[in-house]
There are 2 protein chains.
Amino acid sequence: METNVAKTDVLLTNALVLTMDEAMNQYHPGAVAVQGDHIVAVGPEDEIKARYRAAEEIDCHDRVLMPGLVNAHTHVPMTLLRGLADDLRLDVWLMGYMMPVEREFVSPEFVRLGTLLACAELIRTGVTSFADMYYFEEDVAKATAEAGLRAVCSQTVLKFPAPDADSYEDSLAAARDFIQRWKDHPLIVPSVAPHAPYTCTDEILRATAALAAEFDVPLHTHLAETALERENMRRETGMPVIPYVKKQNLFDAKVLAAHCVHIDEGEMHTLLHAGAGVAHNPSSNLKLASGIAPVPKMLEVGLNVGIGTDGPASNNDLDMFEEVRLAALLAKGHSGDPTAIPAPTALVMATRLGAHALHIGHLTGSIEPGKRADLILVDTTPLHNSPRFARDPNNAYAQIVYAAKSTDVTDVMVNGRWLMRDRRLLTLNEDDLLAQAREVAHRIDTFLIKREQSVLSKLIALGGSMEQESFEVQVKVRLDDPERVIAALQSPQITIIRHKHYRQYDNYFFFADPQQGRVRFREDNLIDERGEVAHVRTRLTLIGPAREDSFERDVLLSRSRFLAPATYTLRFYREYFKPTAEVVLHKDRLRWLIRYQDTEFYVNVDRVEQPDLGYFLEIKSRTWSRRDAEHKAELVSQLITLLGADKQETVTQDYIDLVPSTG
Amino acid sequence: METNVAKTDVLLTNALVLTMDEAMNQYHPGAVAVQGDHIVAVGPEDEIKARYRAAEEIDCHDRVLMPGLVNAHTHVPMTLLRGLADDLRLDVWLMGYMMPVEREFVSPEFVRLGTLLACAELIRTGVTSFADMYYFEEDVAKATAEAGLRAVCSQTVLKFPAPDADSYEDSLAAARDFIQRWKDHPLIVPSVAPHAPYTCTDEILRATAALAAEFDVPLHTHLAETALERENMRRETGMPVIPYVKKQNLFDAKVLAAHCVHIDEGEMHTLLHAGAGVAHNPSSNLKLASGIAPVPKMLEVGLNVGIGTDGPASNNDLDMFEEVRLAALLAKGHSGDPTAIPAPTALVMATRLGAHALHIGHLTGSIEPGKRADLILVDTTPLHNSPRFARDPNNAYAQIVYAAKSTDVTDVMVNGRWLMRDRRLLTLNEDDLLAQAREVAHRIDTFLIKREQSVLSKLIALGGSMEQESFEVQVKVRLDDPERVIAALQSPQITIIRHKHYRQYDNYFFFADPQQGRVRFREDNLIDERGEVAHVRTRLTLIGPAREDSFERDVLLSRSRFLAPATYTLRFYREYFKPTAEVVLHKDRLRWLIRYQDTEFYVNVDRVEQPDLGYFLEIKSRTWSRRDAEHKAELVSQLITLLGADKQETVTQDYIDLVPSTG
């Protein structure tokens, strides 16, 4: 009967085979025959052995043989940022740590190292395919191909300058170039990634969708990750996230949508009809408190929902075993239904459905003849996998989902090539990668430590426009009768150029080291004639630790100040700067810009209301030299007299220093 | 300077030491000196090395040295039931699988093997102390002490017969005996465990609290695990769970309360004032869909909240690394606050707070001089732990909580004794335990497979009272005019003994193999004179596959029937029996118990409403012999005539067989 026996390259026998195919076929003992890059047969061992002889025959006793896991959404180079900053709010984490560090460090070399390190971890934990989104994506692709893994590699495009592009046009051109050159690669599916609706313009969404459609490659994006995104979208466009991106023709492309935490059933149907896949990232969504995605409903609707780890900076690893377990547990706890996402479903999501979500379901995700040989072996002998019950076919899935660990993976094959045998990596030098990673971590540590040594550096690290205020002379006089001063401003010696009315709400941050100065977060409310708020502006000011100088009559040369528009919230700055103390000061300010003796001054009549410190006259003018400052100090002194204030009541401190608790 | 150098047994040097003490001291490089069973010193390496010389000095480079983890709530023998049944509702899981298998298999030998297997897993995953609750708890204690782990071992007491006791008095006596003999053990803290308020009587709660108070040992219990428990408690006693057990004097004892998912802030204060500890079990609470415990609030109130895995049958492992990570992630996702339970807090819960929750905080939970030497080493070199940042002291905790895996634990010491070195277990023979576990699993599989081969065995396995109905003769005749039959019942030849009116709602479960018969779930509503529901009863009936015999005039000898009160819900039985089809049948039944020719018959005038099959006369009588059956068949035939029904309209099928879809 030798005539009926075919030759093949590799025969895996004596395994518990979980095919994860549509019929959820299991074979025990089962066998798989591999020829070149693909699977030629799977079935009961005796049947397969009768049909095939192989050069390499591997006895998989005590092993589960299953398709490799599909990590449906990640940012692999961020492996180098794992554990850099945790337990922070999204904005503090992203804008205070991730983005400043990325601005400083992300380069083709960084991306290459991060990817190789990630690939080592992915292989060790049984992942054979993943969907990536980052900068310098061609370098991700090169490193991934070198490691031997399969990936959808998506070049990020967004409306801000990125580490790999000054403008979105540059990123888009890079994406086109990348896709053209890599679209026929056996392992890499090149792709484009408009980052998210709120970081892209309509033009970017349309252009990336057109590009992906032109080359028939997937489009990878973040959609409806947070409630804030959904609410902002609703406020700005009057529609939810999915209809909005549909309107921008996003679904002209084959979309892989990460997160989809905040979508409703209607949006699920839109995704379904568009053939879009979804990547569910339970660890990341919990860790960043984005919410819990309605996965059982998505599955009921019929969506291809894969499971992803997201980047290792928000997870903090690439362990799909943890992710699958969490997806299964979370759905139950969240829905109150302990039968939600049972183990077989969770494992299908992490394999076959995930591959479909990535639009590579025809290549991988299950063990079926004709599909690529992306296979893993999982050791069932470790303690935590014992005992094993065989009564119910679901027992095998439950063991993998609820009890097995990623460290049980012993062997990994991708595209017919072994990447790991007996826990030994065959395509990567782990020690070398770890040493390089240590070196990068040390440099990042040094950068951040230096930054965090000074409040000023932390302020600068936030980026954005920043001005150093010129010095100013200033004097402050306590008033009994503010009306008298206001009337005296009508003096013919004074020309009023402008008059404004503000209510100012200040929060001062104090630091253990007074030399660091103080940070003031000010909300300036401009009040109109009707007494209503006409405009609100927030500003962040770093106030130096000491006055520069003082002149006669207590006129001061003011402290150095660095200003920036406060584009984030008070809470952000509080959590970012971590002050040791915080003091609140509210005041009502009548401000005049006047000319006196050919010199411009700001005259403020302030009422400090919280804490109640009473009325003050404040006179200020910018200065640029010591001589000018001395001249202005003399004019200020004259003005105090002219306005009828009492020089004996001059105060040399800032308001904040008059607040009792801060001495 | 040799005079200042003390001798000690073990010196652990060159480690990143996380003491987890109140001040969260870290030393890097740090060292710990161990003498006998306890820690004598911890601090910077140079300082400790200057003070101590040791017989055994261990270089812990690239290792985190920290206190062993405390698993605050588990049922270790259930390791033998891991993966037996998953993704089921609590009642199906507990009453359909766990309890029947426990009834059949739990013995001192089972408990011993399960405990040893669990201890091997606990040691491997860095746990040095745990709180257990099970049956034959003294056998748990013996095996634990043999393995060398520290544990609070709690003998279960509950109002039902248990595998180790026919009555609660027996369990209570066993608990007293166990506590008396073990209370001074260096590793084991004996304890008593009233299972839960809903499985105990007030008397049990009071007696166990008194016992624990008498010997000053902890009392371990489940409190407020599910919303149902809270609602039932409120309905039955008018108060929430914690006040209720307080009223039963439970807090006379040092309580360890597992779960507390459904408690409010007032109850947290009650627990705090009682000095009670809480065990948070995030995996189990999610997996069984019990809910998400308000842990951030508990910590804010000041409770000692530990983290537990619960039993491996609802987790499905004893991996505290997974549990700590989940506790940290879940709090964030659930509260919407990404700063909730930051990594250091999560790790404190799993160590120092956990030890306090177990009332052994004076012994273990942190690295401090005087405490027992319960220590673990965690390897930081695996890929998933790289890179490592050192900028922020919190980086070290974040690495352990979010990235490290239990398989990174290399060495474990309890009470000054090594239980694992370089991942080699020193007190247990893993291969031997695994072989024994395989054998038990095989026996359980066989038991359940046999049970599941027949619907009858599944029914019997549920336990509870069960009766086999005696055979009956029966006939069914289609009626055009039911009123005529009702009027004819007034015939002088008939004596009416009783008359009732029912509405009957039946769900029939069908199985692939018709020989299995059918299961009928019936809700019987007794209707009073005013037409209102006076009483509701649910009954479960297994109806055999075929009639036994038939007589002339289509009088049938009815099918064999097994009846049981349906104490669970329709949904339970549906998920337990997993029928291949289900049919609903509703009818209105007027029932008379009559005497005719000295023989009692039931006469039913039924209107089958769903589906609408019209009116029927049914006449039935119990029988015990063929001869009696033949006699009654003759009488039934006479009755049909007497009641004016048309014999041509006799129907030989059950109502359910007249439903079109079921043929």
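What counts and what doesn't
- Residues numbered from 1 in each chain as written.
- Chains lettered and ligands numbered in written order.
- Predicted model: local features only at pLDDT ≥ 70, side-chain atom pairs only at ≥ 80, totals over all residues.
- Heavy atoms only, no water.
- Helix = DSSP H or I, 4+ residues; strand = E, 2+ residues; numbered from the N terminus.
- Polar contact = N/O pair within 3.5 Å; in protein donor to acceptor, adjacent residues only side chain to side chain.
- Contact = heavy atoms within 4.5 Å.
- Buried area = accessible area lost by both parts, 1.4 Å probe.
- Salt bridge = Lys/Arg side-chain N within 4 Å of Asp/Glu carboxyl O.
- Nonpolar A, V, L, I, M, F, W, Y, C, P; charged D, E, K, R; others polar.
- Buried < 20%, exposed > 50% of the residue type's maximum accessible area, 1.4 Å probe, protein only.
- Right-handed = clockwise from strand over helix to strand, strands pointing away.
- Disulfide = S-S within 2.5 Å.
- Domains from an automatic or database assignment.
- Axes fitted to C-alpha atoms, helices over the stretch in contact; angles between N-to-C directions.
- Parallel < 35°, antiparallel > 145°, perpendicular 65-115°, else oblique.
- Left-handed = near helix turned anticlockwise from the far one by under 90°.
- Patch = residues over 30% accessible without salt bridge, like charges linked within 9 Å, V, L, I, M, F, W, Y side chains within 5 Å.
- Areas by Shrake-Rupley, 256 points an atom, 1.4 Å probe, with all protein chains shown as cover.
- Lys, Arg positive; Asp, Glu negative; His and termini not counted.
- Charge placed at Lys NZ, Arg CZ, Asp CG, Glu CD.

Q: Quick question: what am I supposed to make of the side chain of B:Asn315 here?
A: Following the sequence through the fold, B:Asn315 ends up in the loop between strand E13 (304-307) and helix H12 (320-335). A distance of 3.2 Å separates the side chain of B:Asn315 from the side chain of B:Glu323, its partner in a polar contact. Every residue in contact with B:Asn315, bar those within four places of it in the chain, is listed here: A:Arg325, A:Tyr402, B:Ser283, B:Lys287, B:Thr309 and B:Glu323.

Q: Quick question: what am I supposed to make of the interface of chain A and chain B here?
A: It is common to give the size of an interface as the accessible area that goes away when the parts come together. Of the residues lining the interface, 69 residues belong to chain A; the matching set on chain B comes to 69 residues. Together chain A and chain B conceal approximately 5600 Å² of surface at their shared face, both sides included; 60% is due to carbon and sulfur atoms. Contact with chain B buries area across many residues of chain A, yet A:Leu383, A:Phe389 and A:Arg391 alone supply 15% of it, more than any other trio. Counting the contacts that link chain A with chain B gives 8 salt bridges. In this structure, the salt-bridge partner of B:Arg325 is A:Glu322, at a minimum N-O distance of 3.3 Å. Taken together, chain A and chain B are joined by 33 residue pairs in polar contact (both at pLDDT 80 or more). Of all the secondary structure elements, the ones that give two or more residues to the side of chain A that touches chain B are helix H2 (90-105), helix H3 (108-124), helix H10 (282-287), helix H12 (320-335), helix H13 (343-357), helix H14 (394-403) and helix H15 (430-453) of chain A. Its residues assigned to classes, the side of chain A that touches chain B comprises 33 nonpolar, 15 polar and 21 charged.

Q: Just checking my understanding: could you explain the pairing of strand E8 (residues 150-157) of chain B for this structure?
A: Where a strand is regular, its side chains alternate between the two sheet faces. Residues and elements named next belong to chain B. Counting buried residues in E8 gives 8 out of 8 residues, a clear majority hidden from the surface. Both faces of E8 are covered, namely the face carrying Arg150, Val152, Ser154 and Thr156 and the face carrying Ala151, Cys153, Gln155 and Val157. Handedness of the crossover joining strand E7 (residues 127-134) and E8 through helix H4 (residues 137-147) is recorded here as right-handed. Handedness of the E8-helix H5 (residues 168-182)-strand E9 (residues 188-194) crossover: right-handed.

Q: What is the right way to read the state of the cysteines from this model?
A: Linking two cysteines covalently via their sulfur atoms produces the bond known as a disulfide. All names here are of chain A. Tallied over the full model, the rule gives 0 disulfides over all chains. Cysteine cysteine 153 shares no disulfide, and the gap to the nearest cysteine sulfur, in cysteine 119, comes to 8.6 Å. By relative accessible area, cysteine 153 is classed as buried at 0%.

Q: Just to check I follow, could you spell out the domain arrangement of chain A for this structure?
A: All names here are of chain A. Entries for chain A in the domain assignment read domain 1 (69-364 + 422-446) and domain 2 (466-662). The C-alpha-based centres of domain 1 and domain 2 are spaced at 48 Å. Looking at the side of domain 1 facing domain 2, the largest losses of area belong to Arg89, Val92 and Met95, adding up to 57% of the total buried there. Inspection of the domain 1/domain 2 interface yields 0 salt bridges. There are 0 residue pairs in polar contact (both at pLDDT 80 or more) connecting domain 1 and domain 2. Among the residues forming the side of domain 1 that touches domain 2, the class breakdown is 3 nonpolar, 1 polar and 2 charged.

Q: Is there a simple way to think about the packing of H12(A) against H13(A) in this case?
A: The description of two helices packed together rests on the angle between their axes and the distance between the axes. Residue and element names in this part refer to chain A. Close contact between H12 and H13 brings their axes to 9 Å; oriented N to C, the two are set at 135 degrees. Relative to H13, H12 is oriented oblique. Taken as a pair, H12 and H13 cross one another with a handedness that is right-handed. Residues Met320, Val324 and Ala328 of H12 touch H13, and the partners they reach there are Ala346, Leu347 and Ala350. Tallied by class, the residues present in the contact of H12 with H13 amount to 6 nonpolar, no polar and no charged.

Q: Before we go on, may I ask you to explain a negative patch on the surface in this structure?
A: Residues and elements named next belong to chain A. A surface patch of negative charge is lined by Asp166, Glu169, Asp170, Asp202 and Glu203. For the negative patch, the elements supplying multiple residues, two or more each, are helix H5 (168-182) and helix H6 (202-215). A relative accessible area of 35% places aspartate 202 in the partly exposed class.

Q: How should unusual backbone geometry be read in this particular structure?
A: Across the chain, the bulk of peptide bonds are trans and the bulk of non-glycine residues have phi less than zero. Of note, the bond from A:Ser386 into A:Pro387 is cis; its omega dihedral lies within 30 degrees of zero at -10 degrees. Positionally, A:Pro387 belongs in the loop between strand E14 (375-379) and H14. For the bond running from A:Gln610 to A:Pro611, omega is -5 degrees, close enough to zero to count as cis. On the secondary structure map, A:Pro611 appears in the loop between strand E27 (599-610) and strand E28 (614-622). With a phi angle near 55 degrees, B:Met24 is a residue other than glycine that sits in the positive phi range. As for its position among the elements, B:Met24 is in the loop between strand E1 (6-18) and strand E2 (26-35). Phi is positive for B:Ile341, close to 40 degrees, though the residue is something other than glycine.

Q: Would you mind going over the pattern of salt bridges with me for this structure?
A: Where charged atoms from two side chains of opposite charge come close, those side chains can pair. Residues and elements named next belong to chain A. Applying the stated criterion across every chain, the model contains 84 salt bridges over all chains. Between aspartate 86 and lysine 287 there is a salt bridge, and its shortest N-O distance comes to 2.5 Å. Pair noted here: aspartate 86 is in the loop between strand E6 (69-74) and H2 and lysine 287 is in helix H10, with a separation of 201 residues, a long-range link. On the basis of relative accessibility, which here comes to 4%, the residue lysine 287 falls in the buried class. Its salt-bridge partner being aspartate 654, residue lysine 476 comes within 3.9 Å of it at the nearest N-O pair. Placement of lysine 476 in strand E19 (residues 472-479) and of aspartate 654 in the loop between strand E29 (650-651) and helix H20 (655-658) is noted, with a sequence separation of 178 residues between them. Accessibility assignment for this pair places lysine 476 and aspartate 654 in one class, buried.

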